Each structure stands twice: as C-alpha cells, then as structure tokens.
Amino acid sequence: MPYAKAANGIRLAYQTAGAGAPLLLLAGQANNHHWWDGIRSDFETRYRTITLDWRGTGDSDKPDEPYSTVGFADDVVAVLDDLGIEQAAVYGTSMGGRVAQWLAARHPERVHTLVLGCTSPGGKHSIERGPDIRKSLIDPDPDAARQALLELMYTPEWLAHNAGPYNTLGDPTMPAYAKRRHLMASNRHDAWDVLPDITTPTLIVHGTEDRFNPAANAPLLAERIPHARMRLIPGARHAYFDEFRFVAGPLVLDFLDEART
C-alpha cells in the first residue's frame, strides 16, 4: 500500500489503477476509496485512476484533531506530489466535491478538468437537507438509520433488485471520533467566495431526486463557477454515479475527453 505524507506527517493511503491521463476520484464524507469500487472500472480503460483514503478512514492515519475540506484538499495535493503528477482531472462527489472546489480554487495549476457531483457550495448560500432527513439519519435504532441512508442514496426500485453490498454507506472501520470530525468538516465547508476564482472547465452533475444534498445546489454552483456546465439526471438520488452509472459514467467521460482534445 503506497502512502503519501501530509505536511504534518500524517500518512495518506492511496490507490492507482488503469492507464492514461490521471483522473483523481474523490469520495464522500466518512468513506474511503471503496466508494468507487462499483464504477471505477468504467474509467480505468481510458484514464489512470487515483483514489485515496481520507485521513480518518481506511488505511490512512486517523488523528483526533480538527479536519476541514481545505485540509483535505491539501492532502490531495500531497498524494499528487507523491505520485509526481503535476496536473490531473478531478471528479469529486458529495464531500469529495466540496474538497474539489478548494482544490480547483487554491491549486488551479493541479486541476486539468473538474467534475462536481451531488455536492454544494456550503455555508449560508447552500440549500440544506430538511430537518426530517437529519432526524432520520440519527435515529437511535441503527437499522432504521441505515435504511434511511440507503433510501437517500438509492431509489426503491434499485434497492429492490440490488441486495448489496453497498459502497456508499460509510467506512465501518472508522473510529467514532473520526466520523464526528468528518461531519464537522463537511458541515463547516463554505467555498462560496472562491467559486468565481475557478477557471478550470467544470461540469456539475446531480440527481433530480437527491434529498440528502438537495439538487437545488447544482444551479447555485453552475451559476457561481464561470462557464460551468450543469447536467441533471432525472430520477436519481444521492448515489447517482452508482445506480445510474450507465448514464453518469458516459456523461462524465465525454466531458473529460472533450476537455483533452
């Protein structure tokens, strides 16, 4: 397992597969690289895919200290540096999309093309999930809370025909303190002021039925980032990239390929 080191010495596990131009895949909150297991092969035939385990997850170190989406972006740069990659296409989903915003704004020379999936700008300008959603996710019955999360990620039709395993429900090996640190990092994200500084070609992707991170955030990002494109996937929930992979995958690949021509 290769490791990069953050500026403070924290070890960051990362994974590579495939061949071609580098494509960095950034997972959601409290998840490790397995978030991409179901769809990574869709990109490997044309790109060298790079994933990492966020600090606090997987095989990376798990310090009990404040985390932030800005800090996660610096961790991504450390991984690129360890690989000797000067510039990569970046596809960030959910919290990974929040991290990708900072990466493109603060390190524009490292980002060739940007795809932001099922994410938001954060802060007072974002559209937050409803109180009923928040309540369902902290249900004292763990089975009920898991079912609530599943139904926010996937449609009932898909769940009825796919028994799992599911790759988007969080890293089960995370310590409780690391989960809290991830939640705080995501909740405190606010990139609104720097979004107009993003000059990288950008695609915004969102499922129209996403209530976990409401779809109304997509046009906010598209309007705030200069020349960004937006594509909504009808009927999709938060894990659009997984359930609707045969729509979302080609959509993203076409955008990435176009940017390289």
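Our subject is the structure listed above.
Note that the structure is a prediction, hence the values are computed from the model and not measured. (Residues numbered from 1 in each chain as written. Predicted model: local features only at pLDDT ≥ 70, side-chain atom pairs only at ≥ 80, totals over all residues. Heavy atoms only, no water.)

Undergrad: Give me the overall build of the protein chain: which residues, what numbers.
TA: For the protein chain, the helix and strand inventory stands at 10 helices and 8 strands. In terms of C-alpha radius of gyration, the protein chain reaches 17 Å, essentially the compact-globule figure of 18 Å for 261 residues. Buried positions account for 53% of the 261 residues belonging to the protein chain. Restricting to contacts in the protein chain with at least 6 residues of sequence separation, those with at least 24 account for 75%. Of the roughly 11,200 Å² of accessible surface on the protein chain, a fraction of 52% belongs to carbon and sulfur atoms. Side-chain charges in the protein chain split into 26 positive and 33 negative, and the spacing between the mean points of these groups amounts to 3 Å. (Helix = DSSP H or I, 4+ residues; strand = E, 2+ residues; numbered from the N terminus. Rg over C-alpha atoms; globule rule 2.2 N^0.38 Å. Buried < 20%, exposed > 50% of the residue type's maximum accessible area, 1.4 Å probe, protein only. Contact = heavy atoms within 4.5 Å. Areas by Shrake-Rupley, 256 points an atom, 1.4 Å probe, with all protein chains shown as cover. Lys, Arg positive; Asp, Glu negative; His and termini not counted. Charge placed at Lys NZ, Arg CZ, Asp CG, Glu CD.)

Undergrad: Outline the nonpolar core, listing residues and values.
TA: In this structure, Leu26, Trp54, Val76, Tyr91 and Tyr240 are the most contacted members of the largest nonpolar core, which totals 81 residues. Looking at this core element by element, the count peaks at 8 residues for helix H2 (residues 69-83). The contacts of leucine 26, once residues within four sequence positions are left out, are Trp36, Leu52, Trp54, Val76, Val90, Tyr91, Gly92, Thr93, Gly96, Val99 and Ala100. (Core = buried A, V, L, I, M, F, W, Y, C linked by side-chain atoms within 4.5 Å.)

Undergrad: Please give an account of the pattern of salt bridges that cites residues and values.
TA: Two side chains bearing opposite charge may form a pair once their charged atoms approach each other closely. This model, assessed by the stated rule, comprises 11 salt bridges. Residues arginine 229 and glutamate 258 are paired through a salt bridge, measuring 2.7 Å at the closest nitrogen-oxygen approach. In this pair, arginine 229 is assigned in strand E8 (residues 229-233) and glutamate 258 in helix H10 (residues 245-260), connecting sequence segments 29 residues apart. According to the relative accessible area criterion, glutamate 258 is partly exposed, its value standing at 40%. One continuous salt-bridge network, built from bridges that share partners, spans Arg55, Glu65 and Asp75. (Salt bridge = Lys/Arg side-chain N within 4 Å of Asp/Glu carboxyl O.)

Undergrad: Just give me the short version of unusual backbone geometry, but keep the residues and values in it.
TA: In the segment running from glycine 164 into proline 165, the intervening peptide bond is cis, with an omega of 5 degrees. Take proline 165: it is sitting in the loop between helix H6 (156-161) and helix H7 (176-187). Of note in the backbone geometry, serine 94 takes a positive phi value of approximately 55 degrees without being a glycine. Along the chain, serine 94 turns up in the loop between strand E5 (88-93) and helix H3 (95-106). Its relative accessible area of 10% is what places serine 94 among the buried residues. Backbone geometry at histidine 227 places phi at a positive 65 degrees, although glycine is not the residue there.

Undergrad: Let's hear about the packing of H2 against H3: which residues, and what values?
TA: Interaxial distance between H2 and H3 falls to 8 Å at its minimum, and their mutual angle equals 70 degrees. The pairing of H2 with H3 is recorded here as roughly perpendicular in orientation. Taken together, the residues of H3 that come into contact with H2 (itself represented by Thr69, Val70, Phe72, Ala73, Asp74, Val76 and Val77) are Met95, Arg98, Val99, Trp102, Leu103 and Arg106. (Axes fitted to C-alpha atoms, helices over the stretch in contact; angles between N-to-C directions. Parallel < 35°, antiparallel > 145°, perpendicular 65-115°, else oblique.)

Undergrad: Pulling in residues and values, what's your account of the packing of aromatic side chains?
TA: With the rule as written, the count across this model stands at 10 aromatic pairs. Ring geometry for tryptophan 54 against phenylalanine 72: centres 5.1 Å apart, planes inclined by 45 degrees, an arrangement best described as tilted. Taken together, the residues tryptophan 54 in the loop between strand E4 (47-52) and H2 and phenylalanine 72 in helix H2 connect sequence positions 18 residues apart. Given the relative accessible area of 1%, tryptophan 54 is considered buried. Aromatic side chains tyrosine 240 and phenylalanine 241 sit 5.4 Å apart centroid to centroid with 85 degrees between the ring planes, which places their arrangement in the edge-to-face category. The residues tyrosine 240 and phenylalanine 241 share a single accessibility class, namely buried. Members of the aromatic cluster, connected to one another through ring pairs, are Trp35, Trp36, Phe43, Tyr91, Tyr240 and Phe241. Against the face of phenylalanine 212 rests arginine 129, its NZ or CZ located 4.1 Å from the ring centre. (Phe/Tyr/Trp six-rings, centres within 6.5 Å; stacked < 30°, edge-to-face > 60°. Lys NZ or Arg CZ within 6 Å of the ring centre and 35° of its normal.)

Undergrad: So what's going on with the sheet that holds E4? Which residues, and what values?
TA: The strand order E1-E2-E4-E3-E5-E6-E7-E8 describes an open sheet built from 8 strands, whose pairing is mixed. The sheet is open, and its two edges are formed by strand E1 (3-5) and E8, each paired on a single side. Sheet twist, expressed as the average angle between the axes of neighbouring strands with direction ignored, equals 25 degrees. Examined bridge by bridge, strand E6 (residues 111-117) and strand E7 (residues 202-207) share 4 bridges and lie parallel to one another. Bridging from a neighbouring strand, leucine 114 pairs with threonine 202 of E7. Sheet strands in contact with H10 are strand E3 (21-26), E4, E5, E6, E7 and E8, and its direction is about 160 degrees off that of E6. (Pairing = 2+ DSSP bridges.)

Undergrad: I'd like to hear about the side chain of serine 120, residue by residue, with values.
TA: Residue position: serine 120 is located in the loop between E6 and helix H4 (131-137). A polar atom in the side chain of serine 120 sits 2.9 Å from the side chain of arginine 98. Residues within four places of serine 120 in sequence aside, it is in contact with Arg98, Gln101, Ser126, His189, Asn213, Asn217 and Leu221. (Polar contact = N/O pair within 3.5 Å; in protein donor to acceptor, adjacent residues only side chain to side chain.)

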